[in-house]
Every structure is written in structure tokens, then in C-alpha cells.
4 protein chains.
Amino acid sequence: MIDPGFTTVEMSAVFTSAERVRSLLRVEATLARSQAIDGVIPAAAADEIERVCAAEYLDPEQLLVDGWEQGTPVLPLLDYLRGNLSAESAAHLHYLATTQDIVDTAMMLQLQRTFSHLDQLACSAGRALQQQQAFRSTPIMTRTFLQPAEASSYDLRLAHWLSPLTDAIEVLRSQTFPLQFGGAIGDRFGQKWTLTMANQLFLHPRFVPWHTDRTPVIDLMQAMAQLVRWAAKVANDLVLLASNGEVAMRAGGSTAMAHKRNPIDGIRSLAAAQSFHALANAITTSGPHELERASGAWHAEWFAIPLIAQTAAATVDAVGRALASLTIAPADVVVPPGRAESATELARVVFERANPILSTQHPYTKEENERLTA
Amino acid sequence: MIDPGFTTVEMSAVFTSAERVRSLLRVEATLARSQAIDGVIPAAAADEIERVCAAEYLDPEQLLVDGWEQGTPVLPLLDYLRGNLSAESAAHLHYLATTQDIVDTAMMLQLQRTFSHLDQLACSAGRALQQQQAFRSTPIMTRTFLQPAEASSYDLRLAHWLSPLTDAIEVLRSQTFPLQFGGAIGDRFGQKWTLTMANQLFLHPRFVPWHTDRTPVIDLMQAMAQLVRWAAKVANDLVLLASNGEVAMRAGGSTAMAHKRNPIDGIRSLAAAQSFHALANAITTSGPHELERASGAWHAEWFAIPLIAQTAAATVDAVGRALASLTIAPADVVVPPGRAESATELARVVFERANPILSTQHPYTKEENERLTA
Amino acid sequence: MIDPGFTTVEMSAVFTSAERVRSLLRVEATLARSQAIDGVIPAAAADEIERVCAAEYLDPEQLLVDGWEQGTPVLPLLDYLRGNLSAESAAHLHYLATTQDIVDTAMMLQLQRTFSHLDQLACSAGRALQQQQAFRSTPIMTRTFLQPAEASSYDLRLAHWLSPLTDAIEVLRSQTFPLQFGGAIGDRFGQKWTLTMANQLFLHPRFVPWHTDRTPVIDLMQAMAQLVRWAAKVANDLVLLASNGEVAMRAGGSTAMAHKRNPIDGIRSLAAAQSFHALANAITTSGPHELERASGAWHAEWFAIPLIAQTAAATVDAVGRALASLTIAPADVVVPPGRAESATELARVVFERANPILSTQHPYTKEENERLTA
Amino acid sequence: MIDPGFTTVEMSAVFTSAERVRSLLRVEATLARSQAIDGVIPAAAADEIERVCAAEYLDPEQLLVDGWEQGTPVLPLLDYLRGNLSAESAAHLHYLATTQDIVDTAMMLQLQRTFSHLDQLACSAGRALQQQQAFRSTPIMTRTFLQPAEASSYDLRLAHWLSPLTDAIEVLRSQTFPLQFGGAIGDRFGQKWTLTMANQLFLHPRFVPWHTDRTPVIDLMQAMAQLVRWAAKVANDLVLLASNGEVAMRAGGSTAMAHKRNPIDGIRSLAAAQSFHALANAITTSGPHELERASGAWHAEWFAIPLIAQTAAATVDAVGRALASLTIAPADVVVPPGRAESATELARVVFERANPILSTQHPYTKEENERLTA
């Protein structure tokens, strides 16, 4: 049980033990179905495998414990499945696959849902910025190196907060989630049924197996990091501006000082971002994955990725909450006309680009795609 | 729910939500008792506060969620306690304290138990090394830059594995766990009852409050890191040596290759160590804690420390399991007499130093101290 | 003076103090010329500014020292330039700009050259792989978790080494290097002469100033990181395979053991990669850049980026040297026919994609573009 | 050439190529002399070796380049020395040693000087705090989570700045710098002449060789990190307080805004600290040093340690300069009597402990020890 401030209800639901096992079962079922579609295994075997995989696994936490006795959770899971299949179907289960194919593909299914939730949180934070129309011409004092610099209007800050968010959302939406299929040593590729399988799971049918080339995973971590950096930048600005009353937000309490207006959403966002970056480093600057499968660097992903996803969600959720309650106090300055116009024009261009993106729902998963294209 | 390979049953029990709330309650109760002993609050108030704090808090996970609405879990906890106390006693609850005093001191209580469990795991791994007597004169080929270097005996490797473990255990045992007490802005210190309180909790009565000087926390992270580095070094050596059959250990299975002897305990240790270091960085290279209390860098500890403790335990537990099943295959080399004697002598000295340390139980907590000195 | 193993002669030449000052001067000159082209300042002023900026600055190291007295090296540089300009031209120097505009744009000019050199090193390493034709059908024993797995041919490893390199080169080549121009508080944008300026410098005319949104810099760090990860993966595999004589490379010596064949190029690559990732983290997981300009997080780039570039170059250079001297020893295994064909087919597809990329020169800088399009 | 803001003149002088080679030569000479004292090699050989090692090596940068052709700089250095020695003496050079013994011991000599310089910088910063007597009772508004908290006097902040500095200096002074001597595979130890050698170099005669147990190096990195954290904490507080004029310091200029008072020493300190921590991670969270000598993790120290030392010095130097020019503006608050007294009392105790430490010179090197005990 991690501290609830470092996750969201929705994101923690993606990474329960039950969901992890469900994703593994879904990959095994889809593998069988795809191989049956392409005539590699009998349709009857795929039917039975699908049926057994659809049943809820009773004790997913114990399965994960057992997994570490044998090396990966796929091993006890296959034992369980074989115990519930006819001998004929059992022989066609997990055909030509290796455990890493199943584990990596299942993780991609969970990451699709991660990105879908992050996109929603990011759009929600963005809409909070869009809704600050009333404050747009409020005079502010800008600060460089934290020192008072020149007078401008809140439009300037709004533009510099919103524009990188739009970039971050576009980066989220440009990601692909590859299927993993390479077999025992990474020499299986390009079969017709891997295309079928990728299609069934709304994953990308990457030609070259990526057992030891973790670029696909790292690209996703970096896409999350860009969004987290955005959120932490805004959170930090809010905490700084709140220190002198230049902005106000939802505040927490204090046991010792009743007058305090602690900007706890901003604080939560900063704490989660710090945790995110530390965890993401476990993946992005991991040592090399050696030869044909790594001893440890691969397994570290199983621990880190769920926590990376959850801290990312917390960072964005918290800053979104802060922005939703934000009010701006006008600074006691006169904004020179050129400056005010410039800020307004920048904000106009940035909003124009952001608006359609913030009001669109992007499909990451097969289910979302089906709903949106129905 | 984190992956069970990255914790131990015992360590995860230290960091449940229930244990976290129990630790907070224990600190509030001890504060009241200590202030009563020293005449700062009435004994009757302390009696009542102690009684209410001793009751199990019903929904600790919800308390942590509520904590983030107000800023820290101490705020809703005090609301709950005051609701169960007479007005007279409620007025003496949390007297002169700030939430950080309670949260930091409670974390130290959990860290005491962390170190106690790590010490047990480390000694257990060390005893596995001690029990390798039968292999001590086995000829081995040493390797520098992984290239075959010179023949020696297993005693050499044993000495170089055991000696840094002894160092790491001594460092664990030399740590102090300070009480935090500074009040709202860090200007309360040196009261008689903080000494009483430290004594009651078997904590160190640090004179200067450490609200923004996290050296006490970082020292503990570094002590854990030294042990984790030791474990990962041995685990990595074992995985390398197993690759050519120079050693053998408990092995996991493979879905695709039945003949494989995967060194899964070594792998688990390496994966957990990688995760540990990433998380520890969130604390040890955090940005500064600003002015009189940090906005985020402090809160990040609430998330990271429980995971740091758990991944540390997993790293040491896993390598201990690997060592407990270890056998050494003799290399086809002749060890020159001088070399063999030198290795034996080094091992003798290292064992002599390690033996008393590995057979001693060190008390980290008040309860352990009472049992050992009874 | 850094250790020469952690750079290349060419890359260290990009990051001398003299080159840094030359880049700053080039940006000031191009700013004036572009503003003159678009009629914002007189052509005569631009002529004089260009002439004075073209002269070699005599003591660039002292300028950098002086820069820290005033805050940035642009301040003493402007003093120097004004001292050599007519009053009329001096009034048009650095017009509407802030120091960060000059420093960031100058860094992008140095990063363009960095990427050009990395591209050459990467292609050189790739060509060393292409030239391993003679070894392609050599039988090998693959290894997962370092344990012997299944027999295959060297084609399999070659494909898994070459494919991610091709990806990394494509990522290098897809990067853009943005001009920075935002003025004192980031509210200058979209002027006609910033387009002219970007065009003159072969930079990207990014619409929104990125004073505090470091995504453009971080994207470049991540593109380098992908190449460095590739190099370290191959280097690590080579060091592992050399440990049992499965491959041989150029070797270093040993003072104590004359028979040793230390794989020093692989070692150098691994050491440089470890240093690269640590330094890149200083940028990619930096704290937020606060409000309208950061106090420290921005300045840290001045130190880290030159070292990041140099360690990246060293990592790739070293693995390229290792590959250029690589020979493969056939394993004593029989490769099943299906496996051999599969490896050959994978290698065929990977080579087909890599070949045109490795034989092309990509233009990163204005000078390269002019030469290639002449 | 690194940016001069990230080093000091004195620290960069410790880590020139010439100094590195000089340190290697000093270790070889001391090894020979110690072996001669203990009768292991002839005195005449030691005399000649010492004489040749005392000569300035002409092209140290080329030696380091050549070192990477052979694996370590000790190899070409021994070639050079043997070329200048009689055959008789050459046979006694580098006797029983391995290159790592020389490289690691030489690094410890450079680290001794590093700590001596850091101690001076730390004491200098501490004395700047001591000299703020005039401001001690100045009323201030404390800030928790950056929000205004309660009124106190500057004594409170002074105490919380000075106390951790005293701790950090004590930690610097408690470090030991071990000799490395283990021979080719780490099985040489406890010889009489290693004690002699340690004594001659004012190093610690560690019994167990630490070729692959980098705890001695990491302990030194962590001692530096504690000082750097202190400096960055104070620097960050100063930059925050300067943002509203609560403190003032030496200021830099601005090209675009003449009125700005940029706190450039605080900024420099923060930038250097960020760089320090990134680099220190390259050592402290490095992967394991495998078997009897590491392939890369060891070599990364050669690059990182000089830069770690220099960024540490810059961090402390810069904050010392900021503190030396610091003035405190009284806040418009009334400090309650109890609070004022409490702050004064805390400051009194902290100053009393700090005073003797800040006025003492601690000997780190043999030369300093001789001077202080003369």
C-alpha cells in the first residue's frame, strides 16, 4: 500500500495484482486466438484457451509470489492454465512464446490504460487553465531569478503554462505501444499471426523483437516525464506565487498555526514529481540488458513502471486540482501597452492551438477506439 | 500493492497504512506521557490521551486520504482524537508540537524496525557464507575485467564477499534514530520532556531540530545503501559465475527452454538493488528543504522511505537465499602454494572479525532492548 | 582538463572556451544582420557589429570568469563589443534581446555540431557491423539471464545490435535545434527577423520562447541517450563474450599479468556511458525552471551539456573501435536449420534498412547543408 | 576546460593532468622507498626510482591518452620509468603491485587535498555567518511551505544555517583516506611495508584491499555531499529571501533590465550543487564492481571524481561569497519575547559548538600535518 497522495484511484486500479494477472491472461488468450485465425493452432484449442483465460484468477497476489519461486509469474500461470485445459489444448497454449513475450505485452496493455488516464488528467488541468478567462488581463510582476523583472499581464504566464501542456499532450498521443514477440531468443518475427495479435490488442506490430532493446519502454517513460515536468513547473510557480499572496488556491490546515494557507495541491504535485523522476531513472538510465535477456534490469521494470505511472498521475492530478481553484491577485503595477498586447497575442495563439486538443478524446486502447469509432 | 519480489513479508508489515497510523498514535501518546512526567501537562490528560491512542484506528487508509485534503495525516488524526477526548484532555493533546514533529518521529520508529529486519537478513546472509567451509580450499580462476586472471582458492572470494558485509552490519548498528521536536518553526529544543520522550521511544534526543536538515534521514538511507551495494555485488558475481557453471544455486524454470538453470535469487537481488538506488536518490539528492519547512521534498519521503526499506530488504533477502543454496565447482587450475596460503590467511582474519558480529543480536527498538537486557 | 578517455578530439574541440565565445559572437552578429535585413536596425550598424564579432576574442577563459562576476558571459562580452563599436552601432547591438536568448541559441549551435559528430561516430560503428560479413553464419550459443540458451548464428546478434543503432541514428536526424528569442520576460515572439535569424543559423524558428520550458534541450539529451544506450549495450555484450573467448578485440595490457587480453575499448565505452547518464540526469530530471527564468537549473546546463556531449562521443567512439577489431569464435554447437534461416532473414531485413542510412551524410549545420546542397 | 563557475582556482589545480601524473609518480616512489625500508627491495633501487619519479613528466596529457591505448595510464608511465632506470632498479619498480593499487592510492592523495580545500571553504563560509552579529536580533518572518508562519529573530535562521555546517565539517574531518594495495587479484595484504607506505603518505593502512569494494570512495563522496547539501540549502534560502528584499547580497547585472539585483552567488551555488549530485550518483549508485576488478565502473571514477570535487568546491565557495556580502532587512513584525529568547539561546549553543571548529585547521595531508605539528 503506497501513500495515497502518490497515486490516483483510477491509476492504482490499473496496477492491482488482479489487473496484472488479467493482462497476462488476456495476452495468452489473444495469442491462441490469433494463431488459430492464421491456422497455426486448431480453433478448438483457441476456444478452450480463451474460455479458461476469461475466468477470474482466484489469488493473483499468491501467483506473483509463486512467480518469484520459478522466475516469472507466467510459469505458475501456465501450470494453472494447463491444469484447466484438455491435454490437446494445453499443447497449443503459449505456442512458440517465451515468458518475456507475455510479460512485456501485458505491461503494454497496462501502459495503454495509463496513458489514457494521464491524457484525461492533462486535459482536465488544461481546461482549468482555459477557464481562467476572467483573470487574463490581470496585471502581474514577472520574475527572473525570482527577482522582480517587468510588468505584464497574466496572459503571459497563462500562455507559458498552457503551451508546453499542449506539447506534452501531443507527445502522449503520438506514442505507440508495441507488441512483444520474439520467442526464446528473439529470433521469431514477422509472422502473420503477430500482426493479427497486434491488431486484436490495438498494439503496434513492431518487426524486431525488443527483448533487450528497451527503447519502446523508455520512450513511454520519457513521454510521461515531459508531462510530469510540465506539472511540476506549474506547481512550483504556484507555490512560489502563493507565498506572497500573488495567487490563491485551495489550502490545507496547520496544527500549530491556524492562519496558514498551505498550498497542498502544489506541494503534493512537487512531491510526486520528485518521486516520479527518481523511479523513472531506474528504467531510463538502467544498465544494459545483457546478451539475449537481462538479469535484473528487465525485472526492475515490473516494480518501477506501476509506481512511475502512479506518481505521474498524482503529479498531474494535484496540479489540476490546484489550477481548478486558482485565483489571481492583481499586482500594483502599470502594464505598458505594448507588453499587454504582446501577452494577449501570445495567449491567443496558444489557446487557439490548445483548444481542439483539450476537447478531443484520444483512443489509446482497443476499447476506447471501438467506442469512439462506433 | 507492489510486486512481492521487491519486498519481504516482514518488511511490508512494517509499512502498512495501519502501522503508519499506529506509529503516529504512539508518538502523540508518548509526547503526552513525557510532558506529564515532567509536569508540563496534567497526568490525567496523559492517561486519557494514552488510552485513546492505544485503540486501533478503524480505517487507516481513509485517514491517509483525508490527510492529503488537509495537508498531513496528523490533522484528521487530531480531529479524531479530540472527538474521543474530554475537552480538558483535548487541550493538552499535541501540546507545543507541529505535525512534522509527529510524522518524522513516527517515521523513525518505523526505520528502527527496518534496520532490525535488515540486520537479521544481513546476518542470515553472512551465516550462509560462514557455512561454506567445505568449499574454502576449492581452486578458482579469478577474473579482472572479466578476463581470466590468476588461480586462487575460493577462500579469497569468500573473504572479499564477507568483509564488506561485516563493515555494512557495523554501519547499520552505529546509526542513531533521532526524535524530531522543534514545534511550528523549529525553535523548541532541549526541553526536559523531549529527553524523556526520546528515552521512552529508544530514540536519540537530538538537540537541534532537523525539520529542514535531513542529514539524519539521509545517513540512514546511506547505511542501507552500503548493505544493498554489498548484496548487489555478491548477486552480480553469482550470476556471472553461474553463467559458466563455476557456481550453482537454486534455479527457476523457463517456459521455452527446460534445460535452463536461471539464477533467480541473484536476478531478484539485482532488480531490487536497481530499484533501491533509484528511490534512495529521491531522498539523498533531493533539492533543498526551503526556509522553515519544505514544499514537497519533505512529503516525498513519505512515499519513498517505505519503498526504499522494502527494496533494501528484498535485495538482501534474495542474495541470502542464493548463498544458502550455493555450491562451488572446482576450476581446472593449480593454485600456487603462496597464493593458497594468502587466501586462507585473509579468510581467517575476515572470519575472525565477522563471527562475533554475525552471532550477536543488536537492539534497534525499545522492545528489543528490553528483551536483550532482561 | 577532463580525462581524455571520456571525450574525443573532435568533440572536445566543439566545447573549448574559445568556441563557446565564438558561438556567442556569432549569435549577436546574426541577430544584428537579421534585424537589418528586416529593417529593424540600420544596415551600417549590422555591418559594424558583424565585423567586430568576427574578430577572435583574445582571452575567452577570462571572459567566462568575468561572466560569473556579473551573472552571464554575455554581459562582459557586450561591454567588450560596445568598447569596439561606434556609439551609433552600439545602440543597435543586442537589440530587444536578453542574455538567455544569446546563451541558449549559442548552445544550440554547439549542439548542432555535437549531433553531426555523433552521427559520424554512429555511422562508423554501424559500418564496422556491416563489415562483419565473414562471420555472419558463425554458430553461437545465445544466453538469457547469462545462461546458455539455444544455438543460433552470429546473424542473430548482429541484427539485434544493428537494428537499434539504425533507430538511434534516425532519432538523431529527426531532431530540431530551436532558436531562442523571447526578450527579457519571454514575451517577444514571431517577429519576421527571428525567422530570418533562424534561417541564417539553420535553426528551427520555434514560435513560443522556451526560457523556462527546457523540452527542446531535454529532447536532444534523450536523443543522445538513446545512442549511448545502444553503444553501452553492445560494449557490455562484447566484454561479457570476451570473458570466455567467444569474441576477441583489440586488447590492452596489464602490469601484473602479461597474458591478459583486457577489452579496453568496451571498458571505456561502459565507463563513459555511466558518466553520460549521470550527467544527463542533471538536465533531464532537474527541478522546475521557476517563473520567468531559473536560478541555477538553467546555469547547470552550461556545465553539464559540454560534458554530456563529450561522454556521449566517447561511448560511441570506443564501441566503434571495439567493433572495428572484432573477430568471432565459432561455438561448438549445431544450429538447427530453422534457426539459422530465421537469423539470416532477420539480419537481411535489418541490413537492408540500415544500409542507406549508414551511407548517407545528414546535414545538421548550415555549413554542412550548404556543402551537401552545393 | 569546464565552465569556471563550476570549480575554484585552487580545486582545479588539484586535478590537472600534471597533478594526476605527479600523484602516480609519488605513489610508485613511495612504494619503492617503503619496500626498501622494510628490506624487500635494495635501497639503491629505491634511491634511483625516487630520483626518476621526482622529475617532472613532460607531456602528462599525452600520457593519459596513451593510457587508454593500453588500459591505464600506469602502463605507459612504467614504460617511461623503466626507460630511465638501470635494469637492476627497473626490476624492483612497481614490485608486487597492480595498476589499480597505484591509481587508487594516487586518487586518495588528490582527495586528501580536496578535503583540505573544502574544509577551508566551509570554515570561510562559517566565519561569514559568525560575523553577522549585528543582525542577530533582527526580526524576521519565518516561512513554512513558503507561507508566512510566525515572527522570530534572525538568530533562529542563523542557528539553523550554522549547526548543519558544523556537522558537515566534523564529518569531513572524520574521514580516512585508505591506501590501496592488493596486487593483481586482491590477495596481498598486511605486509609490513604497506604500513610504512601508508605512514609515509599519511593514508590509512586498510587491511582488506578495496579493489571491488568502493565503500572508501563512496564514504568520501557522501561526506562531500553533506557539505554540498548544506551549501545548497543556504543558497536556496538566500535566493528566496532576496526575491522580496528580505536579504540583500552582491548582485550581478542584466542586459535587459538595469534595475535587477540578481543573486548570482546563490545561483552559482545552486547550479554547482545540481551538477555535483548528478556526478556523485555516477559513483554512489554505480552498478557492482564485478568479480576481481570492474569493467567500467572503476574507470568512471577517473572522470567523475575530479568533477565532483570541483563542483563541490564551487558550491561552497559561492555560498561563502554570498554570505560574506549578506545584509538582513528587518521584517515589519513584533517578535514575542519567548520566541526571541528561544532563538537567541539556540544560536548561543550552536555558536559555542561551532566556534572552536571554525577556528581550527585540520590536517588532511602529510604536508599539513608536518606543518601543524612542527
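Residues numbered from 1 in each chain as written. Chains lettered and ligands numbered in written order. Predicted model: local features only at pLDDT ≥ 70, side-chain atom pairs only at ≥ 80, totals over all residues. Heavy atoms only, no water.

Draft legend 1. View of the relation of the copies chain A and chain C. With an axial shift of 0.0 Å and an RMSD of 0.0 Å, the rotation relating chain A to chain C amounts to 180 degrees. These values place the two chain copies in the arrangement generated by a two-fold rotation axis. When the interface residues of chain A are mapped onto chain C, 100% of them are again interface residues, pointing to one common binding face. (Least-squares fit on C-alpha atoms with pLDDT ≥ 70 in both. Contact = heavy atoms within 4.5 Å.)

Draft legend 2. Inspection of the interface of chain A and chain C at higher detail. At the interface, 60 residues of chain A touch 60 residues of chain C. Of the roughly 5,000 Å² buried between chain A and chain C, counting both surfaces, carbon and sulfur atoms make up 59%. Of all residues in chain A, Phe 145, Ile 185 and Leu 291 of chain A bury the most surface against chain C, accounting for 14% of the area lost on that side. Linking chain A to chain C there are six salt bridges. Viewed at the interface, chain C and chain A are joined by 18 residue pairs in polar contact (both at pLDDT 80 or more). Among the elements of the structure, strand E1 (139-144), strand E2 (147-153), helix H8 (154-173), helix H10 (215-242), helix H11 (264-284) and helix H13 (337-358) of chain A are those that each provide at least two residues to the side of chain A that touches chain C. A total of 12 residues in the side of chain A that touches chain C trace back to one element, the largest contributor, which is H10 of chain A. In terms of residue class, the side of chain A that touches chain C is made up of 24 nonpolar, 19 polar and 17 charged. (Buried area = accessible area lost by both parts, 1.4 Å probe. Salt bridge = Lys/Arg side-chain N within 4 Å of Asp/Glu carboxyl O. Polar contact = N/O pair within 3.5 Å; in protein donor to acceptor, adjacent residues only side chain to side chain. Helix = DSSP H or I, 4+ residues; strand = E, 2+ residues; numbered from the N terminus. Nonpolar A, V, L, I, M, F, W, Y, C, P; charged D, E, K, R; others polar.)

Draft legend 3. Here's a closer look at the pairing of strand E1 (residues 139-144) of chain B. All names here are of chain B. Two elements, E1 and strand E2 (residues 147-153), share five bridges in a ladder whose sense is antiparallel. Note on E2: the bridge partner recorded for Arg 143 is Pro 148. Taking the residues that link successive antiparallel strands as the turn, the E1-E2 hairpin has two residues, and the phi of Phe 145 there is positive, at about 50 degrees. (Pairing = 2+ DSSP bridges.)

Draft legend 4. Highlighting the relation of the copies chain C and chain D. Its rotation angle being 180 degrees, the transformation that places chain C on chain D also includes 0.0 Å of axial translation and leaves an RMSD of 0.0 Å. A symmetric contact is evident, with 100% of the interface residues of chain C recurring at the interface of chain D.

Draft legend 5. Representation of the pattern of salt bridges. A complete count under the given rule lists 108 salt bridges over all chains for this structure. One salt bridge in this structure joins Arg 22 of chain A and Glu 19 of chain A, with 2.0 Å as the shortest N-O distance. Of this pair, Arg 22 of chain A and Glu 19 of chain A both sit in helix H2 (residues 17-37), separated by three residues, roughly a single helical turn. Using a relative accessible area of 35% as the deciding quantity, one classes Arg 22 of chain A as partly exposed. A relative accessible area of 12% means that Glu 19 of chain A is categorised as buried. Taken together, the shared-partner salt bridges connect Asp 167, Glu 170 and Arg 353 of chain A together with Arg 206 and Asp 213 of chain C into one network. (Buried < 20%, exposed > 50% of the residue type's maximum accessible area, 1.4 Å probe, protein only.)

Draft legend 6. Highlighting the side chain of Thr 215 of chain D. One can find Thr 215 of chain D in helix H10 (residues 215-242). At 2.6 Å, the side chain of Thr 215 of chain D and the side chain of Asp 213 of chain D are in polar contact. If near-sequence neighbours (up to four positions away) are discounted, Thr 215 of chain D is found in contact with Gln 226 and Arg 229 of chain B.

Draft legend 7. Inspection of the nonpolar core at higher detail. Counting 540 residues, the largest nonpolar core has Trp 230 of chain A, Trp 230 of chain B, Trp 230 of chain C together with Trp 230 of chain D as its most contacted members. Discounting residues that sit within four places of it in the chain, Trp 230 of chain C has contacts with Ala 125, Leu 129, Trp 161, Pro 164, Leu 165, Val 319 and Leu 323 of chain C. (Core = buried A, V, L, I, M, F, W, Y, C linked by side-chain atoms within 4.5 Å.)

Draft legend 8. Summary view of the packing of H11 of chain A against helix H11 (residues 264-284) of chain B. Contact pair H11 of chain A / H11 of chain B: the axes reach a minimum separation of 8 Å and the direction vectors enclose 150 degrees. Classed by the angle they form, the pair H11 of chain A and H11 of chain B counts as roughly antiparallel. Seen along the crossing, H11 of chain A lies across H11 of chain B with a hand that is right-handed. Here H11 of chain A contributes Gln 274, Ala 278, Leu 279 and Ala 282 of chain A to the contact with H11 of chain B, which in turn contributes Gln 274, Ala 278, Leu 279 and Ala 282 of chain B. (Axes fitted to C-alpha atoms, helices over the stretch in contact; angles between N-to-C directions. Parallel < 35°, antiparallel > 145°, perpendicular 65-115°, else oblique. Left-handed = near helix turned anticlockwise from the far one by under 90°.)

Draft legend 9. Structural view of the interface of chain C and chain D. With 53 residues of chain C at the contact, the number on the chain D side is 54 residues. Taken together, the connections running from chain C to chain D amount to six salt bridges. The partner of Arg 250 of chain D in a salt bridge is Glu 69 of chain C, with the nearest N and O atoms 3.3 Å apart. Along the contact surface separating chain C from chain D lie 12 residue pairs in polar contact (both at pLDDT 80 or more). When residues of the side of chain C that touches chain D are assigned to their parent elements, the largest contribution, 10 residues, is made by helix H11 (residues 264-284) of chain C. For the side of chain C that touches chain D, the per-class residue count stands at 28 nonpolar, 18 polar and seven charged.

Draft legend 10. Spotlight on the packing of H11 of chain C against helix H12 (residues 297-324) of chain D. Where H11 of chain C meets H12 of chain D, the closest approach of the two axes is 8 Å, and the angle between their N-to-C directions is 55 degrees. Judged on the interaxial angle alone, H12 of chain D and H11 of chain C are oblique. Both H11 of chain C and H12 of chain D take part in a crossing whose hand is right-handed. Of the residues in H12 of chain D, those in contact with Ile 267, Ala 271, Gln 274, Ser 275 and Leu 279 of chain C of H11 of chain C are Ala 297, His 299, Ala 300 and Phe 303 of chain D. Taken together, the residues of the contact of H11 of chain C with H12 of chain D break down into six nonpolar, three polar and no charged.

Draft legend 11. Up close: the environment of Arg 206 of chain C. Looking at the secondary structure, you find Arg 206 of chain C in the loop between helix H9 (192-201) and helix H10 (215-242). Classification of Arg 206 of chain C by relative accessible area gives partly exposed; the value is 23%. Between the C-alpha atom of Arg 206 of chain C and that of Glu 352 of chain C, which follows or precedes it by 146 residues, the distance is 35 Å. Apart from the residues lying within four places of it in its own chain, the contact partners of Arg 206 of chain C are Asp 167 of chain A together with Pro 178, Leu 179, Asp 213 and Pro 216 of chain C. A polar contact is formed between the side chain of Arg 206 of chain C and the backbone oxygen of Val 208 of chain C, at a distance of 3.1 Å.

Draft legend 12. Layout of the packing of aromatic side chains. Summed over the entire model, instances satisfying the criterion amount to 48 aromatic pairs over all chains. The interplanar angle of 80 degrees and the centroid separation of 6.1 Å between the aromatic rings of Tyr 154 of chain C and Trp 161 of chain C together place this pair among those described as edge-to-face. In this structure, Tyr 154 of chain C and Trp 161 of chain C share a single accessibility class: buried. It is Arg 293 of chain D that lies over the ring of Phe 145 of chain B; its NZ or CZ is 5.9 Å from the centre. (Phe/Tyr/Trp six-rings, centres within 6.5 Å; stacked < 30°, edge-to-face > 60°. Lys NZ or Arg CZ within 6 Å of the ring centre and 35° of its normal.)

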